[in-house]
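The residues making up each chain are set out below.
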Amino acid sequence: MTQKLLIIYTGGTIGMVSTEHGLAPAAGLANRIQDTLGDSLTDLPEFDVIELNPLIDSSNITPNNWSQIYDTLQSNWSTYAGFIVLHGTDTLAYTASVLSYMLGACDKNVIITGSQIPLGMSRSDGISNLEAALAIAGEESFDMATVLFHHTLMQANRVTKFSSHDFAAFQSFNAEPLAKLSIHKRFTGVQLNAHHTQAPKARDYEFALDSVGVLPLYPSMPKSAYQGFLDDEQCKAVVLHTYGAGNIADSNPDLVAFLEAMQARKKVVINVTQCAHGGTSQGAYAAGSLLNRLSILDGKDITLEAAFTKAHWLLAQGYGFDDIQAKWSQPVMGEVNES
Ligand code: ASN
């Protein structure tokens, strides 16, 4: 093994260039990194760059891309001291969450980052995000996939993109950031190196592309918004994006009938609140207590992205309805608080 790092460019703004249709990812990022970071590279670890094919705006991400990123990490694991995944910010939280489950407690760092302005354009935040990732990726493992953005290192499965404009595009909800990077690093939150870590194994499962849906609740929702989940044979789980403490319109007979039918057809339903902060208290209100009676899974303080990808990952492992009902409350990689 060398002390070199591997940068995996998946696409996203950090490596985009202007085109007649707007910003789009472009090959040749290694040269743009050399040109942009220039002399500061002499103080940073050496690295290689792999570009995935095709490079995508992360709005186009699918579970096949998650597999491609994982396989690239796994097949290069023994060669490099640490890894940086450059990803578009739009769906970075989904990829970061699923990689946290796929990699588990790993013995090298996988730091996911990107930017709001492309490298090589004026005021690019890609420079500081990439420099910081390069500076710490080869250090002692954090035991888990992490996201680094705007001087903040966060647990991968706790982040949500909350600003389309600010350089601080991500927040870690319901979990302290792992570190604030200033002149000094200040680690907080989880205890590092708490797990027995290992190298990731070769993937022996596939994601089923259409297996998980999301149903955001809103007032007076038409039946057509959710009926399709029942009829679609491929759909095995739905994240119900509920109000406040995990409440639904329990006086809407069509919605209640839909949830009953989901349970009868053994399709998993997970209750995740639309509130970024706080989590559910399923059953605290009468308007949410029906969900307990229907054995709908309580998402507690999990993010939408972490719940959606956890359902995908559990289904891909071959777990069925009964297994997921039993397993859901156990955290895989700290994505939910147990209490
Ligand atoms: N549309 C871009 C992407 O997600 C946004 C970004 O990276 N800042 O690929």
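Residues numbered from 1 in each chain as written. Predicted model: local features only at pLDDT ≥ 70, side-chain atom pairs only at ≥ 80, totals over all residues. Heavy atoms only, no water.

- The name an unreviewed UniProt entry gives the protein is L-asparaginase 1, with Marinomonas aquimarina as the organism.

## Section: the nonpolar core
Turning to step 1, where the next piece is worked out: Counting 55 residues, the largest nonpolar core has Leu73, Leu103, Ile112 and Trp328 as the members making the most contacts within it.
Turning to step 2, where the next piece is worked out: Per-element accounting of this core gives the leading share, 9 residues, to helix H8 (residues 304-316).
Turning to step 3, where the next piece is worked out: Non-local contacts of Leu103, meaning those with residues more than four positions away in its chain, are made with Tyr70, Leu73, Trp77, Val110, Ala145 and Pro200.
Turning to step 4, where the next piece is worked out: Counting 27 residues, the second largest nonpolar core, distinct from the first, contains Leu44, Ile84, Ile111 and Leu119. (Core = buried A, V, L, I, M, F, W, Y, C linked by side-chain atoms within 4.5 Å. Buried < 20%, exposed > 50% of the residue type's maximum accessible area, 1.4 Å probe, protein only. Helix = DSSP H or I, 4+ residues; strand = E, 2+ residues; numbered from the N terminus. Contact = heavy atoms within 4.5 Å.)

## Brief notes about the pairing of strand S7 (residues 146-149)
Turning to step 1, where the next piece is worked out: Because side chains alternate across S7, one face comprises the buried residues Thr146 and Leu148, and the other comprises Val147 and Phe149, equally buried.
Turning to step 2, where the next piece is worked out: Relative to S7, strand S6 (residues 110-113) is paired through 2 bridges, and the arrangement is parallel. Within S7, the residue paired with Ile111 across the bridge is Thr146.
Turning to step 3, where the next piece is worked out: Taken together, S6, helix H4 (residues 126-137) and S7 form a β-α-β motif whose crossover is left-handed.
Turning to step 4, where the next piece is worked out: Bridge analysis of S7 against strand S8 (residues 152-155) gives 4 bridges, and the strand direction is antiparallel. Across the sheet, residue Val147 finds its bridge partner in S8, namely Met154. (Pairing = 2+ DSSP bridges. Right-handed = clockwise from strand over helix to strand, strands pointing away.)

## Remarks on the packing of aromatic side chains
Turning to step 1, where the next piece is worked out: A full pass over the atoms with the stated rule returns 8 aromatic pairs.
Turning to step 2, where the next piece is worked out: Ring centres 6.3 Å apart and planes at 70° place the aromatic pair Tyr80 and Phe83 in the edge-to-face group.
Turning to step 3, where the next piece is worked out: For Tyr80, a relative accessible area of 9% translates into the label buried.
Turning to step 4, where the next piece is worked out: Through a chain of ring-to-ring contacts, the aromatic side chains of Trp66, Tyr205 and Phe207 assemble into a single cluster.
Turning to step 5, where the next piece is worked out: Above the ring of Trp328, the side-chain terminus of Lys310 is found at 4.6 Å from the ring centroid. (Phe/Tyr/Trp six-rings, centres within 6.5 Å; stacked < 30°, edge-to-face > 60°. Lys NZ or Arg CZ within 6 Å of the ring centre and 35° of its normal.)

## Quick word on a negative patch on the surface
Turning to step 1, where the next piece is worked out: There is a patch of like negative charges on the surface, built from Asp210, Asp231, Asp232 and Glu233.
Turning to step 2, where the next piece is worked out: One can find Asp210 in the loop between strand S12 (185-187) and strand S13 (212-216). (Patch = residues over 30% accessible without salt bridge, like charges linked within 9 Å, V, L, I, M, F, W, Y side chains within 5 Å. Areas by Shrake-Rupley, 256 points an atom, 1.4 Å probe, with all protein chains shown as cover. Salt bridge = Lys/Arg side-chain N within 4 Å of Asp/Glu carboxyl O. Lys, Arg positive; Asp, Glu negative; His and termini not counted. Charge placed at Lys NZ, Arg CZ, Asp CG, Glu CD.)

## Considerations on the sheet that holds strand S15 (residues 268-273)
Turning to step 1, where the next piece is worked out: Strand order in the open sheet made by the 4 strands is S13-S14-S15-S16, with parallel pairing throughout. Each of the sheet's edge strands pairs with one partner strand only, and the pair in question is S13 and strand S16 (297-298).
Turning to step 2, where the next piece is worked out: Where S13 and strand S14 (residues 237-242) come together, 5 bridges link them in parallel fashion. When the bridges of S14 are listed, Pro216 appears paired with His241.
Turning to step 3, where the next piece is worked out: Of the strands in this sheet, S13, S14 and S15 touch helix H6 (residues 253-264), which is tilted by about 130° from S15. (Axes fitted to C-alpha atoms, helices over the stretch in contact; angles between N-to-C directions.)

## Description of the sheet that holds S12
Turning to step 1, where the next piece is worked out: As summarised here, the arrangement of the 8 strands in space is S4-S1-S5-S6-S7-S8-S11-S12, forming an open sheet in which the pairing is mixed. Two strands lie at the open edges of the sheet, namely strand S4 (47-56) and S12, each paired on one side alone. The mean inter-strand angle of the sheet, taken between neighbouring strand axes irrespective of direction, is 20°.
Turning to step 2, where the next piece is worked out: In this sheet, strand S11 (residues 179-181) lies alongside S8 in antiparallel orientation, the contact comprising 2 bridges. Its bridge partner lying in S11, Leu153 is registered against Ala179.
Turning to step 3, where the next piece is worked out: Its contacts with the sheet place helix H1 (residues 29-37) against strand S1 (5-11), S4 and strand S5 (82-86), and it is angled at close to 130° to S4.
Turning to step 4, where the next piece is worked out: Its contacts with the sheet place H4 against S1, S4, S5, S6, S7, S8, S11 and S12, and it is angled at close to 160° to S5.

## Some words on helix H2 (residues 63-76)
Turning to step 1, where the next piece is worked out: If you check H2, its first and last C-alpha atoms are 20 Å apart, about what 14 residues at 1.5 Å a residue would give, namely 20 Å.
Turning to step 2, where the next piece is worked out: Residues of H2 that are buried include every one of Pro63, Asn65, Trp66, Ser67, Ile69, Tyr70, Thr72, Leu73 and Asn76, and no others.
Turning to step 3, where the next piece is worked out: On its buried face, H2 sits against S1, S4, S5, helix H3 (92-103), S6 and H8. (Expected span 1.5 Å × (residues − 1).)

## Digging into the UniProt feature "active site" (unreviewed entry) in the protein
Turning to step 1, where the next piece is worked out: Feature annotation in UniProt places "active site" (unreviewed entry) on Thr13 and Thr89, given in this structure's numbering. A maximum C-alpha distance of 7.6 Å places the annotated residues, which cover 77 residues in sequence, within one compact spot.
Turning to step 2, where the next piece is worked out: One can find Thr13 in the loop between S1 and strand S2 (16-19).
Turning to step 3, where the next piece is worked out: If near-sequence neighbours (up to four positions away) are discounted, Thr13 is found in contact with Gly88, Ser115, Gln116, Ile117 and Pro118.
Turning to step 4, where the next piece is worked out: Classification of Thr89 as buried rests on a relative accessible area of 5%.
Turning to step 5, where the next piece is worked out: In contact with Thr89, other than residues within four places in its own chain, are Ser58, Ser115, Gln116, Phe149, Lys161 and Phe170. (UniProt positions renumbered as here; feature names shortened; annotations may be inferred.)

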